[in-house]
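Each chain is listed here by its residues.
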Amino acid sequence: MASLQVTRPSKLFLKHLKNTALFRRSYAAAAALEEGTKKKKRLVFDNRSPSLQDFLAQHQSPATKTVDPKLIQPDTIPYLHVQGQGLGVGKKFYIEVYGCQMNVNDTEILNSIMTMTGYERTSNLEDANIVFLVTCAIRDNAETRIWERLKYLRHYKTKINVDSPPIVGVLGCMAERLKTKLLEQDRLVDIVCGPDGYRSIPHLISLAESEYKDGVANVMLSADETYADVMPMRLDPDNVSGWVSIMRGCNNMCSFCIVPFTRGNERSRPIDSIVDEVRYLSDQGVKEVTVLGQNVNSYRDTSDSKYFMSDMSLGSNLSNSGFQTIYKRKDGGRRFTELLDKVSLVNPELRIRFTSPHPKDFPTDLLHLIASRSNLCNSIHLPIQSGSNTVLERMRRGYTREAYLDLVEEMRRIIPDVWISSDFITGFCGETEEEHRDTVRIMEQVKYDTAFMFAYSMREKTHAHRRYKDDVLEADKARRLTEIVDTFHREASGKNQKLIDTEQLVLIDSERTKKKNGIETRVSGRTDGGHKVFVQEEEGRNPLKKGDYVSVKINRATSASLTGTSLGQSSIQQFYQRRSYSTHKVLDYRTFLKAGDAAVFVPGYTRDAQKSREYPSFSSFGISKKWN
């Protein structure tokens, strides 16, 4: 079976020869190969080949040779037989999402792109002309699930739906990591597309349906793609929670992590587009927004803004002197603190969360902002990965155990009611029993509210893959994982017991009957800290529904969830104004200068003092521009 793979010469060579006869003849030869064979063909675009734009430009028909090159974009190709906006008319697509919240947001971007080109989304596999799997590559187990699903889809195409088999596409991080392997493996996949190529998918489908029966792939990584101009279409319009991607990629290059190789370098969306999207979601009735990024709190926007003209560089420092980066940090731009300030002002009754951050990017400014705004959730994800300094060094995390604990102490001083979650990897390359014990000890010391715990899985291309050996026995990994899971549940259970008889504000996000500990509940939701709460409704009150904020008295607690009784509907502002006791403290709004020892107090401004929809801006107090 013939395979057509376009390969790219060096950048210097391409720079001088791209417009020469030699370059044109190379495409002519490829075209001749296509004309001269009836065998199935494969087409792959990656960072070593000409782009999809280059390919399509070279394959113009004679009648369209005069098309302006500036118009050659994968979402609007003027010289294709069918205009982009009509490519999918009469066809349906089906999506399955695996992995992180970034994949959920990517799926909503895909949903928008496909709908704009005429396709219709279906929730039934049997009705689909195209099936997409949006994938994760962070661990081996995640990829194993995808391979098994692909085998079923092959069976579905060849044995069940033989008359109209759908095109199958693998998208996301696994697509970027495995590239052509997905096309070559037993003809399981027709389309492969990385996270930066979603705009091209309608045209990849067109190519796969016509000439390239052996598959098409676009796995080029972009230096600037953020999809800022694409308004995501929500998969579930009734969901009270929404997700907004504010940046993509990661520069940290942790030795265990594949993300920089599947998502590329960091680039941030313009602040205007983010605030507009959050405002849109609020207007649609969304009650909680999570801002997303692979390293969300390293956000740095250098775009021109129509609305936010700040040169204060709020939040540009690292968390403390014990943190460092493997790359040279850049100066200037609007930082995450400024963005969070603007987003929280959109609607004081809209909860704001963020994930996933890196511990190095929590400057004091950011912590005080979180403490001062009642709609900024006091739930902070602080992934440590390991409690051992030697393992952290091998992981290239850029901090020590001591620096991390100093940050935790500062968080709990500035935000006394902060809820902290974390990630843990057990069995990393060379991990000893004593290094494992260091992780157990830090879990006992910090007492995390939520934890995501995994045994180490070696990923190709990573620093660890090149430099270390995955030499911890699988049996030891499993035992150590069990130990840290048990440690977490023991500590979290004890901590959650202290929430009994307290009052928590819960956002109802589910209307599904559950029975726990002999108690049946109809609705459930989450607290400010992210705890799952099953809510008992009192007779005589109006039934609760998704989107309601409700004050709940906690009656029972486990390490994973809470159960409580509704005390009636509330709002974010009402809840914090009327409570005389709380895990939430009423905090004076303070901002700190670079010196760190001079606090600027804004009289009369407290966390709960604002009764109107308009907050004062964090950067509007006229304080010195020399911020921490």
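So, a few notes on the structure that sits alongside this text. (Residues numbered from 1 in each chain as written. Predicted model: local features only at pLDDT ≥ 70, side-chain atom pairs only at ≥ 80, totals over all residues. Heavy atoms only, no water.)

### Some words on the environment of Ile442
On the secondary structure map, Ile442 appears in helix α15 (residues 433-446). Taking the relative accessible area as the measure of exposure, Ile442 reaches 0% and is therefore buried. Here the alpha-carbon distance between Ile442 and Ile384, two residues 58 residues apart in the chain, equals 9.6 Å. What Ile442 contacts, discounting residues up to four positions off in sequence, is Ile384, Gly387, Arg401, Tyr404, Leu405, Phe424 and Tyr448. (Helix = DSSP H or I, 4+ residues; strand = E, 2+ residues; numbered from the N terminus. Buried < 20%, exposed > 50% of the residue type's maximum accessible area, 1.4 Å probe, protein only. Contact = heavy atoms within 4.5 Å.)

### So, helix α14 (residues 401-414)
Quick reminder: α-helices carry 3.6 residues per turn. Residues three or four places apart thus point the same way. The first and last C-alpha atoms of α14 sit 20 Å apart over 14 residues, in line with the 20 Å expected at 1.5 Å per residue. Within the span of α14, buried status applies to Arg401, Ala403, Tyr404, Leu405, Leu407, Val408, Glu410, Met411 and Ile414. On the buried face of α14, the contacting elements are α12 (364-372), β15 (379-381), α13 (389-395), β16 (419-426) and α15. (Expected span 1.5 Å × (residues − 1).)

### Examining the sheet that holds strand β17 (residues 450-455)
Read from one edge to the other, the open sheet built from 3 strands follows the order β15-β16-β17, with strand pairing classed as parallel. Since the sheet does not close on itself, it has two edges, and those belong to β15 and β17, each with one partner. Neighbour-to-neighbour, the strand axes of this sheet turn through a mean angle of 15°, independent of strand direction. Relative to β16, β15 is paired through 3 bridges, and the arrangement is parallel. Opposite Ser379, over in β16, you have Trp419 as the bridge partner. Packing of helix α17 (residues 474-497) onto the sheet brings it into contact with β16 and β17, and relative to β17 it is tilted by some 175°. (Pairing = 2+ DSSP bridges. Axes fitted to C-alpha atoms, helices over the stretch in contact; angles between N-to-C directions.)

### Here we look at unusual backbone geometry
Omega for the bond connecting Thr355 with Ser356 falls within 30 degrees of zero, at 0°, which places this linkage in the cis form. Tracing the backbone through its elements, the reader meets Ser356 in the loop between β14 (351-355) and α12. Here the phi dihedral of Lys461 falls at roughly 80°; this positive angle occurs in a residue that is not glycine. Inspection of the secondary structure assignment puts Lys461 in the loop between β17 and α16 (463-467).

### Focus: the nonpolar core
Membership of the largest hydrophobic core comes to 57 residues, with the highest contact counts inside it found for Ile246, Phe336 and Leu340. Take this core: its biggest share by element is 7 residues, from α14. Setting aside chain neighbours within four positions, we find Phe336 in contact with Ile246, Val291, Val296, Asn297, Tyr299, Phe354 and Leu366. (Core = buried A, V, L, I, M, F, W, Y, C linked by side-chain atoms within 4.5 Å.)

### Observations concerning the pairing of strand β22 (residues 532-536)
Judged by how many residues are buried, β22 sits mostly within the fold: 4 of 5 residues are covered. As judged from the 4 bridges shared by strand β21 (residues 523-526) and β22, these two strands associate in the antiparallel manner. Residue pairing in the sheet places Val523 in a bridge with Val535 of β22. In this antiparallel pair of consecutive strands, β21 and β22, the connection spans 5 residues, and Gly530 shows a positive phi of 90°. Note: β22 against strand β24 (residues 561-569), 5 bridges, orientation parallel. The partner of Val535 across the bridge, within β24, is Gly564.

### Some points on the side chain of Ser372
Along the chain, the position of Ser372 falls in helix α12. A polar atom in the side chain of Ser372 sits 2.8 Å from the backbone oxygen of Leu369. (Polar contact = N/O pair within 3.5 Å; in protein donor to acceptor, adjacent residues only side chain to side chain.)

### Considerations on the environment of Met231
Structurally, Met231 can be placed in the loop between β7 (216-218) and β8 (241-245). Assessed through its relative accessible area of 37%, Met231 is described here as partly exposed. With residues near it in sequence (within four places) discarded, Met231 still touches Ser112, Glu277 and Tyr280.

### Overview of the sheet that holds β24
Taken together, 5 strands build a closed barrel; the order of strands is β18-β21-β22-β24-β23 and the barrel is mixed. Each neighbouring strand pair of the sheet contributes to a mean axis angle of 50°, computed without reference to strand direction. Here strand β23 (residues 549-557) runs beside β24; their pairing, made up of 6 bridges, is antiparallel. Pairing of Ile554 across the sheet is with Gly564, part of β24.

### Looking at the packing of α14 against α15
It is at 12 Å that the axes of α14 and α15 come closest, and there the two elements cross at 10°. Regarding the angle of α14 to α15, the classification is roughly parallel. Side by side, α14 and α15 meet where Arg401, Tyr404, Leu405, Val408 and Arg412 of the first sit next to Asp438, Arg441, Ile442, Gln445 and Val446 of the second. (Parallel < 35°, antiparallel > 145°, perpendicular 65-115°, else oblique.)

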